[in-house]
Amino acid sequence: MYRFLLTPRWWGINLFVVLAIPFCVFMGTWQLGRFEDRVQSHEQAEKQPDPSTRAAKPLDELLPVDKVTSGRPAVATGTYADQFLVPGRELDDRQGFYVLNMLRTDSGKALPVVRGWLPGSATGARVPAAPEGEVTVTGDLQASENSRSDGVNARGGLPGGQVGMISAATLVNLVPYDVYDAWVTLPEAEAGGTGGAMKPVPAAAPEGSGLDLKAFQNLGYTGEWFVFAGFVLFMWFRLVRREAEALRDIELGLVPEDPAAAPEDPAAPAPEDPASPDRDVAGTPVR
């Protein structure tokens, strides 16, 4: 009864099933592994002491920024140069903007420093002036932002003196000197000036170290791949069963093998002959 499984048509179906199910299981297992890695990273981050409580180190010793050095206090010495405002940043459920200054170091490169946060719109805002002369700053180290970072404006079109993303790739096009691929936020923002007191911007957790939406997306994708594998197997069994039942009905004579060869119903009226005496040459009934 199941010899039909060896026909060319069913060879194609069987090959698809044999390849699809292992692929779905592999993809589901891979997504599950990604979710478990994020959970493990989150647990390890919780066991580690707060990076901001660790001893400050020179900036160059903490670069490049990774999950271990992100949030660590970094020390840098230089003079403040260009200033930018970063609009659309939320703090304490209020909309405002960051005050960002470029600290030019002795190496010739500049370190972006977020001196603080102010409420309101960045357009036309008056902010406290940066300290003059050589200064030494100690701030929590952060990796350059990207289009997936919270609060980032990647659309562009901002007024002069404003940037939507704190990134070396963005800032290097606005200043005539090299920029570190990192930035720091001062734990104690400066106060005073005509712009009022600025609030310190807390350091963000390193990307991929917490149970964020992406982690639960990996878990959801895991379920989808396993469900799809089960669906493929279910549909294969359903097709096999339907084909077997159709062949069984043909063997039992319940369904003719060739519908065109089915016997005529004797109770059905016979078709009229167009050439009968009651019709003319064109086949029209004679009245």
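The shown structure was predicted, so the numbers you read here are calculated from the model rather than taken from an experiment.

### Considerations on the environment of G230
Note on placement: G230 falls in helix α3 (residues 213-251). Residue classification places G230 among the partly exposed positions, given a relative accessible area of 39%.

### As for the packing of aromatic side chains
The geometry of an aromatic ring pair comes down to the distance between the two centres and the angle between the two planes. If you walk through the whole model with that rule in mind, you get three aromatic pairs. With a centroid separation of 5.6 Å and 85° between ring planes, the pair formed by F23 and W225 is classed as edge-to-face. Taken together, the residues span a long stretch of sequence, with F23 in helix α1 (residues 8-47) and W225 in helix α3 at a distance of 202 residues. When its relative accessible area of 45% is taken as the criterion, F23 is described as partly exposed. A relative accessible area of 25% places W225 in the partly exposed class. Judged by centre distance (5.0 Å) and plane angle (75°), the rings of W236 and F237 are edge-to-face. Note on F237: relative accessible area 49%, which makes it partly exposed.

### So, a nonpolar patch on the surface
Together, L15, V18 and L19 give the surface a local cluster of nonpolar side chains, amounting to about 300 Å² of exposed area. Relative to the elements of secondary structure, L15 occurs in helix α1.

Quick notes on the rules
Residues numbered from 1 in each chain as written. Predicted model: local features only at pLDDT ≥ 70, side-chain atom pairs only at ≥ 80, totals over all residues. Heavy atoms only, no water. Helix = DSSP H or I, 4+ residues; strand = E, 2+ residues; numbered from the N terminus. Buried < 20%, exposed > 50% of the residue type's maximum accessible area, 1.4 Å probe, protein only. Phe/Tyr/Trp six-rings, centres within 6.5 Å; stacked < 30°, edge-to-face > 60°. Patch = residues over 30% accessible without salt bridge, like charges linked within 9 Å, V, L, I, M, F, W, Y side chains within 5 Å. Areas by Shrake-Rupley, 256 points an atom, 1.4 Å probe, with all protein chains shown as cover. Salt bridge = Lys/Arg side-chain N within 4 Å of Asp/Glu carboxyl O.

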